[in-house]
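If you want the building blocks of each chain, they are given just below.
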Amino acid sequence: YSVGIIYGVICNLPRNERFKLSNILTIALIPGPNESSLHYINHYLALIVDQLLELWNGIELSGTYENTNKPIRAAVICCSCDIPAARKLCLCGYISVYVACHRCLKKAQFNDQNQPNFGRFDNIDKWFVERDINQVRKNAQEWLECKTKDAKSLHIRDISVHWSEMYRLSYFDSVRFLIIDPIHCLFLGIAKWIVLQLRTINTKRMQNRTKLIKVPADIGRIPYRIDTGEGFSGFTADQWKNFILVYATTITWDLLRESDRAILANFVHACDILVCRTISINGLEEAHKWLLTMIKLIEQNYGPEKISPNLHLYLHICHCALDYGPLYAFWCFSYERMNGLLDKYNKNQFTFKYFHLLKTIIKTK
Ligand SMILES: [Zn+2]
């Protein structure tokens, strides 16, 4: 059973207030039992976009602290999610991240099994260029104007762009506003991949080494159980972050091949910079160089088919940080906590009431 949730935060709030559970807005619960496929999510988005349009045009808030009406305007400035959600939420108006990157001109290559990869860096100057949002919008509009299902499919095959209700927001820039959440991109992506290379290594030995490392109490959740039968399968994103930053090099170094050491070292260097609370532009440039070197090393050692869409998106992390600040200002750790909270509500019928409310709202519309 799969339920989709769309959260919102108010970016005017300072970061330490913004992600408090009491300040996170639960904007939509998309009921299961299955995930809505691609552009069908537009049916849910339409309702949200109607309200976003009102907010963009301006509304009066009553009952403010000063007891006077206060005019406000609001706009969506960033959509942070994982790749599957990106394909639905914004992708619906987007170029499919499995076929081509939504930010730059890179297109996927396909191997004999029809699996996409984003390898080959010899011509990076040609494709590492930001897409023209006006062209993307034009392509999405053309999809909308296709009269038949076949015509729509043909358009997707050729242009790889769907319509998204988000395009009703005149200011919405799908190229820059859509970012792949750094915790999914960095820590559930490459960290997991690196560790999969270690599958053959005795995880019990690694766990024993982990226990020998004493860390400060405020470091967050630490990975106690590496040796869980299937290796690291139970790790949360937060544990992956700590594993990479604190433990990875220390406990795996002598167990890794020379080439894997170089990959891990580049990754840890980049993460070290990216997870800081303040980042300089020079720091971002440096992190980008570490990540680019790491991806090239992966291609050299494991072939272009290992360069997944997720790995390609690493190349854009530093651009996202230039737009939105340090990664901790826009990663989705807090939403994961909110998911846990909503999960608990399920036990006292909250979800049932919420769905009932959602159904009522849809009917009223
Ligand atoms: Zn790209």
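Residues numbered from 1 in each chain as written. Predicted model: local features only at pLDDT ≥ 70, side-chain atom pairs only at ≥ 80, totals over all residues. Heavy atoms only, no water.

The protein carries the name Transposase domain-containing protein in an unreviewed UniProt entry, which gives Rhizophagus irregularis as its organism.

**Examining the overall build of the protein**
To be explicit about the condition: A run of H or I in DSSP counts as a helix once it spans at least four residues, and a run of E counts as a strand once it spans at least two, with each numbered from the N terminus. When a residue's accessible area, from a 1.4 Å probe over protein chains only, is under 20% of the maximum for its type it is buried; when over 50% it is exposed; and in between it is partly exposed. We call two residues in contact when some of their heavy atoms are within 4.5 Å. Each accessible area value is a Shrake-Rupley result obtained with a 1.4 Å probe; residue values ignore everything except the protein chains displayed when judging cover.
Helix and strand counts for the protein stand at 15 helices and eight strands. Of all 365 residues assigned to the protein, the portion counted as buried reaches 45%. A sequence separation of at least 24 residues applies to 65% of the contacts in the protein between residues at least 6 apart. With an accessible surface of roughly 19900 Å², the protein has 53% of that area assigned to carbon and sulfur atoms.

**Examining a nonpolar patch on the surface**
We apply this condition: Distance thresholds for patches are 9 Å for like charges and 5 Å for nonpolar side chains (Val, Leu, Ile, Met, Phe, Trp, Tyr), applied to residues having over 30% relative accessible area and no salt bridge. Only one rule defines a salt bridge in this text: a Lys or Arg side-chain nitrogen within 4 Å of an Asp or Glu carboxyl oxygen.
Where nonpolar side chains cluster on the molecular surface, the patch consists of I10, L25 and I27 and spans about 240 Å² of accessible area. With respect to the helices, strands and loops of the structure, I27 is situated in strand β2 (residues 25-30). Residue I27 is classed as partly exposed on the basis of its relative accessible area of 39%.

**What to know about the packing of helix α11 (residues 258-274) against helix α12 (residues 281-302)**
The following threshold applies: Lines fitted to the C-alpha atoms define the axes, with helices restricted to the stretch that makes contact. Angles between their N-to-C directions range from 0 to 180 degrees. Orientation labels follow simple angle bins: below 35 degrees gives roughly parallel, above 145 gives roughly antiparallel, 65 to 115 gives roughly perpendicular, and whatever is left gives oblique. For any helix crossing, the convention is left-handed if the near helix is rotated counterclockwise from the far helix by under a right angle, and right-handed if that rotation is clockwise.
Put simply, α11 and α12 touch, their axes get as near as 8 Å, and they point 155° apart. Taken together, the axes of α11 and α12 are roughly antiparallel relative to one another. Read as a crossing pair, α11 and α12 show a hand that is left-handed. Side by side, α11 and α12 meet where S259, D260, A262, I263, N266, F267, H269, A270, I273 and L274 of the first sit next to G283, L284, E286, A287, W290, L291, T293, M294, L297, I298, N301 and Y302 of the second.

**Regarding the coordination of the zinc ion**
Stated formally: A donor here means an N, O or S atom no more than 2.8 Å from the metal, or no more than 3.2 Å when the metal is Na, K or Ca. Since water is not included, a site may seem to lack partners. Four donors are marked tetrahedral only if all angles between them lie between 85 and 135 degrees, whereas four are marked square planar and six octahedral if opposite donors are more than 155 degrees apart and the other angles lie between 65 and 115; the remainder are marked irregular.
Looking at the zinc ion, one finds its protein donor set to be C101 (SG), C104 (SG), H312 (NE2) and H316 (NE2), positioned 2.0 to 2.2 Å from the metal centre. Coordination at the zinc ion is tetrahedral: its four donor atoms span angles of 103 to 116° at the metal. When the donor residues of the zinc ion are listed from N- to C-terminus, their spacing reads C-x2-C-x207-H-x3-H. Of this pair, C101 sits in the loop between α3 (83-89) and β6 (109-110) while H316 sits in helix α13 (residues 309-324), and the two are 215 residues apart along the sequence. Judged by its relative accessible area of 3%, C101 falls in the buried class.

**Some words on the confidence of the model for the protein**
Note the threshold: How sure the predictor is of each residue is captured by pLDDT, a score from 0 to 100.
A residue-level look at the protein finds 79% of positions with pLDDT of 70 or above and a mean pLDDT of 79. In the model, residues 357-365 has pLDDT below 50 throughout and makes five contacts with residues more than four positions away in sequence or in other chains.

**A look at the nonpolar core**
One recurring pattern in soluble globular proteins: nonpolar side chains tend to sit buried together. For the record, the criterion: As used in this record, nonpolar core signifies buried Ala, Val, Leu, Ile, Met, Phe, Trp, Tyr and Cys residues forming a set joined through side-chain atoms within 4.5 Å. By convention here, the domain bounds are inherited from an automatic or database domain assignment.
If you look at the biggest cluster of nonpolar residues, it comprises 81 residues, and the most contacted ones within it are L186, L274, M294 and Y314. A domain split of this core shows at least three residues from each of domain 1 (4-180 + 330-364) and domain 2 (183-326). Counting residues in each nonpolar core, the second largest holds eight residues, with I133, V161, Y167 and V175 among its members.

**Concerning the packing of helix α5 (residues 133-145) against helix α6 (residues 149-159)**
Stated formally: For this classification, Asp, Glu, Lys and Arg are treated as charged, while Ala, Val, Leu, Ile, Met, Phe, Trp, Tyr, Cys and Pro are nonpolar and the rest, including Gly, are polar.
Where α5 contacts α6, the two axes come as close as 9 Å, and the packing angle between them is 160°. On the basis of their axis angle, the class for α5 and α6 is roughly antiparallel. Crossing handedness for the pair α5 and α6: right-handed. Packed against α5, whose contacting residues are N139, E142, W143 and L144, the element α6 presents K152, H155, I156 and I159 at the interface. Of the residues that constitute the contact of α5 with α6, the class distribution is four nonpolar, two polar and two charged.

**Thoughts on the packing of aromatic side chains**
Using the following cut-off: Ring pairs are drawn from Phe, Tyr and Trp, using the six-membered ring of Trp, whenever the two centres fall within 6.5 Å, and their geometry is named by plane angle: stacked under 30 degrees, edge-to-face over 60, tilted for the rest. Comment: the charge-over-ring label is applied if NZ (Lys) or CZ (Arg) is within 6 Å of the ring centre and within 35 degrees of the ring normal.
Evaluated as defined, the whole model comprises seven aromatic pairs. With centroids separated by 5.4 Å and ring planes inclined at 90°, the aromatic side chains of F172 and F177 adopt a geometry described as edge-to-face. Here F172 and F177 have matching classes, each one buried. A network of ring pairs unites the aromatic residues W163, Y167, F172 and F177 as a single cluster. Positioned above the aromatic ring of W56, the side-chain terminus of R73 is 4.7 Å from the ring centre. When the ring centre of W143 is taken as reference, the NZ or CZ atom of K152 above it lies at 4.5 Å.

**Notes on the pattern of salt bridges**
On inspection of all chains with the given rule, the structure shows eight salt bridges. Here R176 and D323 are joined by a salt bridge, their closest N and O atoms 2.6 Å apart. One end of the pair, R176, is in helix α7 (residues 174-177); the other, D323, is in helix α13, and 147 residues separate them in sequence. What makes D323 partly exposed here is its relative accessible area of 31%.

**Structural notes on helix α2 (residues 42-57)**
Keep this limit in mind: Helices are assigned an expected span. That span is 1.5 Å times one less than the residue count.
The end-to-end C-alpha distance of α2, which contains 16 residues, comes to 21 Å, matching closely the 22 Å that a straight helix rising 1.5 Å per residue would cover. Those residues of α2 that fall on the buried side of the exposure criterion are N42, L45, A46, I48, V49 and L52. Count one or two residues on from α2 and you reach G58, which has phi positive near 110°.

**What about unusual backbone geometry?**
Notably, R120 is not glycine yet its phi reads approximately 80°, a positive angle. When you line up the elements, R120 lands in the loop between β7 (116-117) and α4 (124-127).

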